[in-house]
Amino acid sequence: MADDTFMSVKREKINWSPTIDYSKCDFCMECDKFCPHQVFERREEAPKLIVANPYNCVVFCRACAKTCGPDAISFPSKPETIAAIKKIREEEGEQ
Amino acid sequence: MKRAILPCNGLDKQQGVLARELALRLMETQGAEVICPVLLNNSPARYEKALADASLLVIDGCPTRCASKLANKLGLRVDDKVLVSEEAKSAGLDVGESLRPGSVGMQLVEVMEAGLARAQELAVSEEPATDFESPTDYLTVTYDKFIFKIPAQGYLFNENDCWVQAVGSRARVGVSDFVQQSLTDITYFEPAEVGREIEQFDEIGSLESGKSMMDALSPVSGRIVAVNSQLVDSPELVNEDPYGRGWIAEIELTDFDSDKELLLDAAAYSMIVEKKAAEAQR
């Protein structure tokens, strides 16, 4: 998804993806089973689950966190991400 | 109508224990029939009669939502849902980790019972206040055997496939035709809470089908002044008429000009749908 954008901003410039708290995660893989965008990746070695493709994550979607029994998934602050996207759009609009 | 309750089995976490306790409480106070999830899973026929003429409340303990998944697997029609871990968060109660009901936990059971009683009253009293007209002209995006409709005028969209139709300082929001076709038959709608202040891209309700679930993300910021309570009984309205009778919530707008910076018109959104439809086929 190299050409991927959100509101015309390159996806790589937007800080929005899940973070796994490994002190809580019990590797039930419910998040990975739910996410249709291959954000997570299961591995043989520890940790058994990682956020492998953060830029595949749909900006502002937090649905995987809702499948998490032990509440181990967190996301960046929505208002901060919105402000950052608006700022980038403004700067790129000026060029 | 009689109520049937499908709770979490209550043997893995305190939240599950409380799901079971809430079910037992409602059995005692309302004469509701409690369904054992293990027995239901093994012998669905055992509960056929109880489920046929009752409204079904599903009580999940934690976000693993085993009870919801079981209901989905068996194709049961769910009328109401409670998720104990969410209720604990919003009530600011730390229920601990014991597998016996604790005192804080039982306090939460009372909060949840009162909340359910309030929700039943609210469902009757909410009335949308403004007239919104259904779209007449559509743009269409055709991909493979799918045709996606997008209202040509009067609607704006976010890239998360939700629409807004504003009339003065009020707006209706909902999900696009692309969402309803992607989810296929929508079987459950969970409305947001009326009166809540929301930021742009906050959740304004969630939709579930046999295939998946989705949070609708608000295209606008403001205060939720009404929810479409018809969707609770008839979530299929989102499939039938996503831009009209399938609306999700009404919002009193607070900063529409600023929200518009991150909204698309019909032509721009149709290009997003084209891209997503192609990705979904890959």
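Residues numbered from 1 in each chain as written. Chains lettered and ligands numbered in written order. Predicted model: local features only at pLDDT ≥ 70, side-chain atom pairs only at ≥ 80, totals over all residues.

A. Seen up close, the sheet that holds strand β15 (residues 249-253) of chain B. Residues and elements named next belong to chain B. One open sheet accounts for six strands, arranged β7-β8-β9-β15-β14-β11; its pairing is antiparallel. Lying at the two open borders of the sheet, with one neighbouring strand each, are β7 (156-157) and β11 (197-198). Looking at chain direction, β11 and strand β14 (residues 222-227) are connected through two bridges and run antiparallel. Bridge assignment links E197 to a residue of β14, and that residue is R223. (Pairing = 2+ DSSP bridges. Helix = DSSP H or I, 4+ residues; strand = E, 2+ residues; numbered from the N terminus.)

B. Main features of the pairing of β15 of chain B. Residues and elements named next belong to chain B. Relative to β15, strand β9 (residues 170-175) is paired through four bridges, and the arrangement is antiparallel. Bridging across to β15, R170 finds its partner in E252. One ladder, built from five bridges, connects β14 with β15; its direction is antiparallel. Paired with R223 across the strands is E252, a residue of β15.

C. Region of interest: the interface of chain A and chain B. Each side of the interface is counted separately: chain A has 14 residues, and chain B has 14 residues. Counting only elements with at least two residues in the side of chain A that touches chain B, the list comes to α2 (63-66) and α3 (78-94) of chain A. Broken down by element, the residue count for the side of chain A that touches chain B peaks at five residues, all from α3 of chain A. A class-by-class count of the residues in the side of chain A that touches chain B yields eight nonpolar, two polar and four charged. (Contact = placed C-beta atoms within 7 Å. Nonpolar A, V, L, I, M, F, W, Y, C, P; charged D, E, K, R; others polar.)

D. Molecular detail of helix α11 (residues 266-281) of chain B. Residue and element names in this part refer to chain B. Between its first and last C-alpha atoms α11 spans 22 Å; for 16 residues at 1.5 Å apiece the expected length is 22 Å, and the two agree. Buried within α11 are the following residues: Y269, S270, I272 and V273. Each buried residue of α11 lies within a common arc of 160° when the element is viewed along its axis, so the set occupies one face. Exposed side of α11, more than 90 degrees from the buried face: A267, M271, A278 and E279 are the residues found there. Of the surrounding elements, those touching the buried residues of α11 are β5 (138-143), β6 (146-151), β7 and α7 (177-183). (Expected span 1.5 Å × (residues − 1). Buried ≥ 20, exposed ≤ 12 C-beta atoms within 10 Å, placed from the backbone. Arc of directions from axis to C-beta.)

E. How the structure looks around the domain arrangement of chain B. Residues and elements named next belong to chain B. We note that the domain assignment places domain 1 (2-125) and domain 2 (138-281) within chain B. Here domain 1 and domain 2 have C-alpha centroids that lie 29 Å from each other. Residue-level contacts link five residues of domain 1 with six residues of domain 2. In terms of residue class, the side of domain 1 that touches domain 2 is built from three nonpolar, one polar and one charged. (Domains from an automatic or database assignment.)

F. Structural detail: the packing of helix α1 (residues 14-30) of chain B against helix α5 (residues 84-91) of chain B. Residues and elements named next belong to chain B. Look at α1 against α5: their axes get within 9 Å of each other, and the N-to-C directions meet at 100°. For the element pair α1 / α5, the angle class is roughly perpendicular. Touching Q15, L18 and A19 of α1 are V84, S85 and A88, all from α5. Class assignment of the residues belonging to the contact of α1 with α5 gives a composition of four nonpolar, two polar and no charged. (Axes fitted to C-alpha atoms, helices over the stretch in contact; angles between N-to-C directions. Parallel < 35°, antiparallel > 145°, perpendicular 65-115°, else oblique.)

G. Region of interest: α5 of chain B. Residues and elements named next belong to chain B. All of the buried residues in α5 are V84, S85, E87 and A88. Along the axis of α5, the buried residues cluster in a sector spanning 160°; they form a single face. For α5, the exposed residues set more than 90 degrees away from the buried face come down to K89 and S90. Immediately beyond the C-terminal end of α5, within one or two residues, lies G92, with a positive phi of roughly 65°.

H. A look at unusual backbone geometry. Between A46 of chain A and the following residue, P47 of chain A, the backbone shows a cis peptide bond with an omega angle of -15°. Position of P47 of chain A among the secondary structure elements: in the loop between β4 (40-42) and β5 (49-51). Unusually for a residue other than glycine, D71 of chain A sits at a positive phi of about 60°. Summarising the element assignment, D71 of chain A is placed in the loop between α2 and β6 (73-74). Phi angles above zero are rare outside glycine, and T184 of chain B is one such case at about 65°.

I. Broad picture of the environment of I147 of chain B. All names here are of chain B. In this structure, I147 sits in strand β6. Exposure remark for I147: the 12 C-beta atoms within 10 Å place this residue in the exposed category. Here the alpha-carbon distance between I147 and F178, two residues 31 residues apart in the chain, equals 8.8 Å. Not counting the four nearest positions on each side in its chain, I147 is found in contact with T140 and T142.

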